[in-house]
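So you can see what is in the structure, the chains are spelled out below.
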Amino acid sequence: MKALTHGRFRGLDGHAARFDLAAGPDAPALASLRVAILEADIGRVTLERPEGTRLDRGWAIAPNRVEPPFEGRPRASEEGFAIPPATLAESDGSVTLAAGGLRAEIRLAPFGIAWYRDGETVPFLRDRPTQAYYLSRRTGALAHSMERHEGERHYGLGDKAGPLDRTGRRFAIDAVDPCGYDAELSDPLYKMLPFFIVDGARGAHGVFYDNLALASVDLGCTLDNYHDLFRGYRAEDGDLDYYVLAGPTVPDVSRRFSWLTGGQAFPPRWTLGFAMTTMTIADAPDADRRITAFIEDCRRHGIRCDSFHFGSGYTSIGHRRYVFNWNRDKFPDPAGTMARLKAAGMVPVTNIKPCLLDDHPRLDEARAKGILVRDGETGAPAVAQFWDGLGFHVDFTNPAGRAWWADGIRTALLDYGVTAVWSDNNEFEIWDEDAEVEGDGRPYRQALARPAQALLMHKLAYETQAAHAPDKRPYTITRAGGAGIARYGQTWSGDNETAWKTLRFNLTQGLNMSLSGLHNIGHDVGGFHGPSPGPELFCRFVEFCALWPRMVMNSWKASGIVNTPWMHPEVLPQVKAAMDLRHALVPYLYTQMWRAAAADIPVVRPLLWDFAADPAARDVEDAFMFGPDVLVAPVLEEGATTRRVTLPAHPGGWVDWHDGTRHPGGRTVEVPAPLGRLPVFLRAGAILPIDEAGGLTALAVPGHDGTATGSLYLDDGDTARWRETGRLVTLTLGADGTVAAAAEGDLPAFKTRILGAA
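- By the naming in an unreviewed UniProt entry, the chain goes by Alpha-glucosidase and is assigned to Prosthecodimorpha hirschii.

Right, dumping it as structure tokens:
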């Protein structure tokens, strides 16, 4: 690649500054670069080759909830942005662009950009002074390097494994199917999300690269004596098009990124209960009988299960799986099975996969319609390795492919009584460099935008369900994708390994997913792959997963032993205690999911989000905040019966959920943590709406001054018109020890309970 070290200012392009970039002072221009300020806290840099963009569209950017169409948002579009008035100043060797309290100072030689917030004299982000921009003339490769400082921390990048702080690591921006991955070390995983947050002495800022090609992000892994400390992004192809989010706090950056990429879909209330799935049940020859037995086991053991998620075994012929096929030997009456589940209070959800195996019953039909990703050289469907053999992927950039897929969802699933679909195994591992997609009439190479296929599959599932039941909020799940998938529904950390280490690193993995705009998330309860969990590990897994937005018990074990709540009778009471805790907190969780959808505030977040002023909170990676008022400290070590917890500094301290003990903030405490007792602490001064003894209770935790406040979001639980019909109830603790509620319209009946009286 050539280093683009010299810039020539070409003037204003509307509200943006445009430059030509070259490899030397007298060298010909190899690219043009545009610097724009789109919001008071969002800048954008785009680099274009002489022949134009490598891909002229994208699917991630959706500011102000401006929904991109299936064919993608034009890369040049600035729809949805405020575009504050810009001013320009030139001086010897530099150009300054300013708008809305943000400014970019562009040095012409060596070329680089420094970003400043209003009133600041030190840049919060600056390009590496030595060779910041690289471009290949032989391939589509490109690179961008930025200055890095000692003490900075890095967060984000979606579902990447490892500690909360990403500093010192290099990550592949790629997606595979890493079944049984190591939650500390494996890379890549399922999502391609090149967004990171930098937090340091200059405050916090974020950078997002809107490029869907294979790439890598280096957050200090590489040290080079010819450059000072730096971090960088390198892509094999695509366009250099990056957004700068000015912060200045981690929550500011995270929320703004969620806003930039379209936000989080608001899920139906029923999705917040406990859910069950396992490949083993649907794979069994007597699968329908086993589902009936599961319903009876839940009744017998007193387990509330709110939804049942079908693994792909319902589609099998022999040992292979065929999307939209019902195995009638295993399920003679699919509609009857769905009705039976619904009668038991379990909403049915089905798994679908985008690859048609080479003997799929409808493969000839798909070939004839031309709806498969194709080999650009031969025109034949591009071959990919899949689970059970070779196959061909449906192309979701093809309108005919989308119509065929939506028809399959309707006729093979929704018409039988299925409520929701789960898009799985959609990493689109098509490694043929000649693979090409339809691109809605403008074909492009598949390698330029693999994760777009997962996002479009997810979007199509959402819109198909919405059309089938227009009054209801859809619930959709995807395993793969990139920035923007949250606006259609839920995702999770994938096929985790049953191991103690998984608990610790699924925790930090999930926190980084939350910081990356993925707010409806969770982990496979008990571990998907590997050995069957023993009683202690299983119970700790249930506790750990109990207070995430998604709680689905999902497993595939070579032994055939399925993770079920009752798999270890000796800890069933403890398992039920953790599940009961979750169900008690559903009113609070539902309110927090509404905030995620309405205000881009994640439900689960690191302690540094709410307690940035407490230095100790920044270092906590073994606990998390569940909304603003609940601190969760799961037991992560084998054999532990107590738990040391760092409680952030907070007036009035924290109150133990289990016994009402009040602990001062700003110190580390050790609390009992036998099996079945998940350490949970409530913030003094909070009121939590909870479900207690079958009724709504306002659980008040008086603050240091005796006051407390909270809120409760109310609607019917699944209305599509939640923005118009929902109500927010404000809860206030009075001097008489009762909680008063204020809202428009009728107020719900509720009881008051005081915990940890001051």
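### A closer look at the nonpolar core
Okay, so step 1: One finds Ile 352, Trp 405 and Phe 626 to be the most contacted residues of the largest nonpolar core, which totals 145 residues.
Okay, so step 2: For Trp 405, the contacting residues outside a window of four places in its chain are Val 323, Phe 324, Ile 352, Lys 353, Pro 354, Val 394, Phe 396, Met 457 and Leu 460.
Okay, so step 3: Residues Ala 17, Leu 135, Leu 157 and Val 244 belong to the second largest nonpolar core, which totals 47 residues.

### Concerning empty space enclosed by the protein
The gaps of empty space that remain are located by a probe, the size of a water molecule, rolled over the atoms.
Okay, so step 1: Applying the stated criterion to the full structure yields 10 cavities of 30 Å³ or more.
Okay, so step 2: Of the pockets and cavities examined, the largest cavity occupies roughly 90 Å³.
Okay, so step 3: Residue lining of the largest cavity: 15 residues in total, with Met 279, Asn 351, Trp 422, Asp 424 and Phe 528 positioned closest to the centre.
Okay, so step 4: Its residues placed into classes, the lining of the largest cavity shows 5 nonpolar, 6 polar and 4 charged.
Okay, so step 5: Estimates place the volume of the second largest cavity at around 70 Å³.
Okay, so step 6: Contributing to the lining of the second largest cavity are 13 residues, with Thr 315, Arg 321, Tyr 322, Val 323 and Lys 353 lying nearest its centre.
Okay, so step 7: When residues of the lining of the second largest cavity are traced back to their parent elements, those giving at least two are strand E27 (347-352) and strand E28 (355-357).

### Observations regarding the side chain of Ser 493
Okay, so step 1: Of note, Ser 493 is situated in the loop between strand E36 (481-482) and helix H8 (500-515).
Okay, so step 2: Side-chain polar atoms of Ser 493 contact the side chain of His 523, separated by 2.8 Å.
Okay, so step 3: If sequence neighbours within four positions are ignored, Ser 493 has contacts with Tyr 181, Tyr 190, Asn 506, Gln 509, Met 513, Gly 522 and His 523.

### Quick look at helix H4 (residues 334-343)
Okay, so step 1: Within H4 the residues assigned to the buried category are Pro 334, Thr 337, Met 338 and Leu 341. The arc that holds every buried residue of H4, seen down its axis, measures 100 degrees, which confines them to one face.
Okay, so step 2: Where the residues of H4 are buried, they touch helix H3 (287-301), strand E24 (307-310) and E27.
Okay, so step 3: With its phi angle positive at about 85 degrees, Gly 345 sits one or two positions after the end of H4.

### Here we look at the pairing of strand E20 (residues 215-218)
Note on strand geometry: in a regular strand, side chains alternate between the two faces of the sheet.
Okay, so step 1: The pairing of strand E16 (residues 170-173) with E20 spans 4 bridges and is classified as antiparallel. Each residue of the ladder has a partner; that of Ala 172, found in E20, is Ser 216.
Okay, so step 2: Pairing between E20 and strand E21 (residues 230-235): 4 bridges, direction antiparallel. Across the sheet, Ser 216 pairs through a bridge with Arg 234, a residue of E21.

Criteria and thresholds
- Residues numbered from 1 in each chain as written.
- Predicted model: local features only at pLDDT ≥ 70, side-chain atom pairs only at ≥ 80, totals over all residues.
- Heavy atoms only, no water.
- Core = buried A, V, L, I, M, F, W, Y, C linked by side-chain atoms within 4.5 Å.
- Buried < 20%, exposed > 50% of the residue type's maximum accessible area, 1.4 Å probe, protein only.
- Contact = heavy atoms within 4.5 Å.
- 1 Å grid on protein atoms, 1.4 Å probe; cavity = no way out; pocket = protein on both sides within 12 Å on 5 of 7 lines; lining within 4 Å.
- Points joined across faces, edges and corners; volume = space filled by probe spheres on them.
- Nonpolar A, V, L, I, M, F, W, Y, C, P; charged D, E, K, R; others polar.
- Helix = DSSP H or I, 4+ residues; strand = E, 2+ residues; numbered from the N terminus.
- Polar contact = N/O pair within 3.5 Å; in protein donor to acceptor, adjacent residues only side chain to side chain.
- Arc of directions from axis to C-beta.
- Pairing = 2+ DSSP bridges.

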